Number of protein chains: 2
Amino acid sequence: MRYLITFSYDGSKYSGYQKQPKMKTVQGELEKALKTLNDNTKVVLNASGRTDAGVHALNQKAHFDLQIKITPEKLQKALNSMIPDTIYIKKAEIVDDSFHARFDVVAKEYVYKINLGEYNPIEKDYILQYNKPLDVVEMERALKYLEGTHNFRSFVKIDEEKESYERTLVSANLIRDVKHVNTLTLSFLGTGFMRYMVRNIVGTLIEIGEGKRKSEDMIPILKEENRMYAGKTALPNGLYLKDVFYR
Amino acid sequence: MRYLITFSYDGSKYSGYQKQPKMKTVQGELEKALKTLNDNTKVVLNASGRTDAGVHALNQKAHFDLQIKITPEKLQKALNSMIPDTIYIKKAEIVDDSFHARFDVVAKEYVYKINLGEYNPIEKDYILQYNKPLDVVEMERALKYLEGTHNFRSFVKIDEEKESYERTLVSANLIRDVKHVNTLTLSFLGTGFMRYMVRNIVGTLIEIGEGKRKSEDMIPILKEENRMYAGKTALPNGLYLKDVFYR
């Protein structure tokens, strides 16, 4: 039987999503619990994609096959009782044997949070501590150049080998809550994201917000299709995989 | 010269505010840095009061005397560069030699946060994970019985010896943000708080929110002046020392 789980985790407690020998990873913790549940037979977790060390997930999705029979409700409960409290299974469901959590993704949403106010030791692992004002109007303008279908090569990890760097950013928005004016939330809804893509976009946006670049600089950055033209990679602590969408 | 500092900290990273041998404490970390700054002469930090392990502070205050001469701005900067990133000095100022950070307190404000929604692994150390609905109308009603001057013996740590258990709760409110309906914030502004007082009030309020007790049960609980009549002590993770006020 194939199961799909929706889960959240505190990325600051893990060396990333993907399993690595001798490292504490989200996949490693989940596969360990699943193996125990599955009569001690190894279970391979197929996530919608990996998240890097320090990056959080609000609704990550993954599928796997079990040889035992268990209802989704019992599976959710059993898993939650076995995994660390920094991961939480929000939902479990049975899916068709042909379903694939990575190949069937039609869109993903990421958000990136920035604290423009005073340094906050309580939120240091959960919001980028920028701690200075930024020109948010110019940043919002810059985001609009990114919406649509583009070759995002300039925003991808320099040695990332892909067949195509073309992706569609359905929407890219800047949200500022009137009650928390110092918290900036950048949201990105797209058909696909490559490694470091959101963090490199955010790093470039911050340089625009600092006045080091102009919003319209996004045009040549995209056009050059070269990592050297974009800004620094923003820290992982402000990044959240918010949602994964399937057909 | 006597200095007053305002600082915030992530209580989940410390065994409480107060220095204890072989434990990582907020006072211990600050005194260690202050000693280095003060030509290696011991400095005693006098805080507005202690906070227990796991309890956070947004604006804790403490005074101390230094034998060296340093401007408040330089002191703030130097301290922040020496202490862990889970504590932050928000402000330093010079105060009169007669000022005392504990004895001169006229009021304090605490807030307690409760998540009524789904378990959130990202916020587990920062908001009580109650994860079920509560009767907030009844809880708000109960809070009103606590406002004013009362003997709070029933809400204080059972073996706490005090000359008087009478304190004035200037206001006790329940706040629910329309944007985050699942986050309940209880705020308490009072002239003085005793050990576990807020957590015992919150624990009792939760039992009222569960329907196990009625809001008007607050009357006999206060009247009995006996810890056995109040509810359980709520976990420390939702509690924040929000502010300390002086004349």
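Only a predicted model underlies this, so the values are computations on that prediction, with no experimental measurement involved. (Residues numbered from 1 in each chain as written. Chains lettered and ligands numbered in written order. Predicted model: local features only at pLDDT ≥ 70, side-chain atom pairs only at ≥ 80, totals over all residues. Heavy atoms only, no water.)

Once that is clear, we can look at the pattern of salt bridges. Going through the model one piece at a time under the given rule, you end up with 35 salt bridges over all chains. The partner of Lys 32 of chain B in a salt bridge is Glu 29 of chain B, with the nearest N and O atoms 3.6 Å apart. With Lys 32 of chain B and Glu 29 of chain B both in helix α1 (residues 26-37) and three residues apart, the pair spans about one turn of that helix. Among the ionic contacts, a cluster of salt bridges with common partners joins Lys 19, Glu 31 and Lys 42 of chain A. (Salt bridge = Lys/Arg side-chain N within 4 Å of Asp/Glu carboxyl O. Helix = DSSP H or I, 4+ residues; strand = E, 2+ residues; numbered from the N terminus.)

Here we come to helix α2 (residues 72-82) of chain B. All names here are of chain B. Listed in full, the buried residues belonging to α2 are Pro 72, Leu 75, Ala 78 and Leu 79. In a view along the axis of α2, the buried residues occupy a sector of 125°, so they form one face of it. Exposed side chains of α2 directed beyond 90 degrees from the buried face belong to Glu 73, Lys 74, Lys 77 and Ser 81. Buried residues along α2 sit in contact with β1 (2-9), α1, β3 (56-65) and β4 (87-95). (Buried < 20%, exposed > 50% of the residue type's maximum accessible area, 1.4 Å probe, protein only. Arc of directions from axis to C-beta. Contact = heavy atoms within 4.5 Å.)

Let us look at the interface of chain A and chain B. Opposite the 21 residues of chain A that make contact, chain B presents 21 residues. A buried area of about 1,800 Å², summed over both sides, lies between chain A and chain B, and 63% of it is on carbon and sulfur atoms. Taken together, the links from chain A to chain B amount to four salt bridges. Salt-bridge contacts for Asp 85 of chain A lead to Lys 124 of chain B; the nearest nitrogen and oxygen are separated by 4.0 Å. For the pair chain A and chain B, the number of links is four residue pairs in polar contact (both at pLDDT 80 or more). Elements that contribute at least two residues to the side of chain A that touches chain B include exactly β1 (2-9), β3 (56-65) and β4 (87-95) of chain A. Residues of the side of chain A that touches chain B, tallied by class, amount to 10 nonpolar, four polar and seven charged. (Buried area = accessible area lost by both parts, 1.4 Å probe. Polar contact = N/O pair within 3.5 Å; in protein donor to acceptor, adjacent residues only side chain to side chain. Nonpolar A, V, L, I, M, F, W, Y, C, P; charged D, E, K, R; others polar.)

Turning chain A through 180° and shifting it by 0.0 Å along the axis lays it on chain B, with an RMSD of 0.0 Å. Here the transformation between the copies is reduced to the relation of a two-fold axis. Both copies contact each other with a shared surface, as 100% of the interface residues of chain A are interface residues in chain B too. (Least-squares fit on C-alpha atoms with pLDDT ≥ 70 in both.)

Our next topic: α1 of chain B. All names here are of chain B. Taking 1.5 Å of rise per residue, 12 residues should cover 16 Å, and α1 covers 17 Å from first to last C-alpha, within 8% of that figure. Counting buried residues in α1 gives nine out of 12 residues, a clear majority hidden from the surface. Val 26, Gln 27, Gly 28, Glu 29, Leu 30, Glu 31, Ala 33, Leu 34 and Leu 37 are the residues of α1 that are buried. Considering only its buried residues, α1 is in contact with β1, β3, α2 and β4. Positive phi appears at Asp 39, one or two residues downstream of α1, with a value of about 55°. (Expected span 1.5 Å × (residues − 1).)

All names here are of chain A. According to the domain assignment, chain A contains domain 1 (2-95) and domain 2 (105-246). Measuring from the centre of the C-alpha atoms in domain 1 to the corresponding centre in domain 2 gives 27 Å. Contact with domain 1, which involves 17 residues of that partner, is made by 17 residues of domain 2. When the two sides are added together, the surface that domain 1 and domain 2 hide from each other amounts to roughly 1,400 Å², 54% of it contributed by carbon and sulfur. Across the contact surface, domain 1 and domain 2 share two salt bridges. One salt bridge connects Asp 52 with Arg 195, and the closest N-O pair in it is separated by 2.5 Å. Seen at the junction of domain 1 and domain 2, the total is 10 residue pairs in polar contact (both at pLDDT 80 or more). (Domains from an automatic or database assignment.)

This part takes up the environment of Ala 101 of chain A. All names here are of chain A. By secondary structure assignment, the location of Ala 101 is in the loop between β4 and β5 (105-115). Residue classification places Ala 101 among the buried residues on the basis of a relative accessible area of 0%. Once the C-alpha coordinates of Ala 101 and Gly 49 are considered, the two residues, 52 residues apart in sequence, prove to be 8.3 Å apart. Once residues within four sequence positions are removed from consideration, Ala 101 is found in contact with Leu 4, Asn 46, Ala 47, Ser 48, Lys 61, Ala 62, His 63 and Tyr 246.

Moving on, we get to a nonpolar patch on the surface. Residues and elements named next belong to chain A. Together, Ile 158, Met 228 and Tyr 229 give the surface a local cluster of nonpolar side chains, amounting to about 340 Å² of exposed area. Of note, Ile 158 is situated in the loop between β7 (148-151) and β8 (166-177). Here Ile 158 falls in the exposed class, since its relative accessible area comes to 52%. (Patch = residues over 30% accessible without salt bridge, like charges linked within 9 Å, V, L, I, M, F, W, Y side chains within 5 Å. Areas by Shrake-Rupley, 256 points an atom, 1.4 Å probe, with all protein chains shown as cover.)

In this section: the packing of α1 of chain B against α2 of chain B. Residue and element names in this part refer to chain B. With their axes 10 Å apart at the nearest point, α1 and α2 run at an angle of 120° to one another. Overall, the two elements α1 and α2 adopt an arrangement that is oblique. By crossing handedness, the relation of α1 to α2 is classed as right-handed. Of the residues in α2, those in contact with Ala 33, Leu 34, Thr 36 and Leu 37 of α1 are Leu 75, Ala 78, Leu 79 and Met 82. Residue classes in the contact of α1 with α2 are distributed as seven nonpolar, one polar and no charged. (Axes fitted to C-alpha atoms, helices over the stretch in contact; angles between N-to-C directions. Parallel < 35°, antiparallel > 145°, perpendicular 65-115°, else oblique. Left-handed = near helix turned anticlockwise from the far one by under 90°.)

Within the secondary structure layout, Lys 223 of chain A lies in helix α5 (residues 218-224). It is 39 Å that separates the C-alpha atoms of Lys 223 of chain A and Ile 5 of chain A, two residues lying 218 residues apart in sequence.

Moving on, we get to the side chain of Asn 200 of chain A. Residues and elements named next belong to chain A. For Asn 200, the location among the structural elements is in helix α4 (residues 197-209). A distance of 2.9 Å separates the side chain of Asn 200 from the backbone oxygen of Phe 155, its partner in a polar contact. When near neighbours in sequence (up to four residues on either side) are disregarded, Asn 200 contacts Phe 155, Val 156, Lys 157, Arg 227, Lys 232 and Thr 233.

Right, let's get into the packing of aromatic side chains. All names here are of chain A. For the structure shown, the criterion picks out 17 aromatic pairs over all chains. Look at Phe 152 and Phe 155: their rings are 6.5 Å apart centre to centre, the planes differ by 50°, and that puts the pair in the tilted class. We classify Phe 152 as buried; its relative accessible area is 0%. Taking the relative accessible area as the measure of exposure, Phe 155 reaches 0% and is therefore buried. Members of the aromatic cluster, joined through ring pairs, are Phe 7, Tyr 9 and Tyr 17. Directly above the aromatic system of Tyr 240 lies the positively charged group of Lys 113, at a separation of 5.1 Å from the ring centroid. Above the face of the Tyr 130 ring, Lys 132 is positioned so that its terminal group lies 4.6 Å from the ring centre. (Phe/Tyr/Trp six-rings, centres within 6.5 Å; stacked < 30°, edge-to-face > 60°. Lys NZ or Arg CZ within 6 Å of the ring centre and 35° of its normal.)

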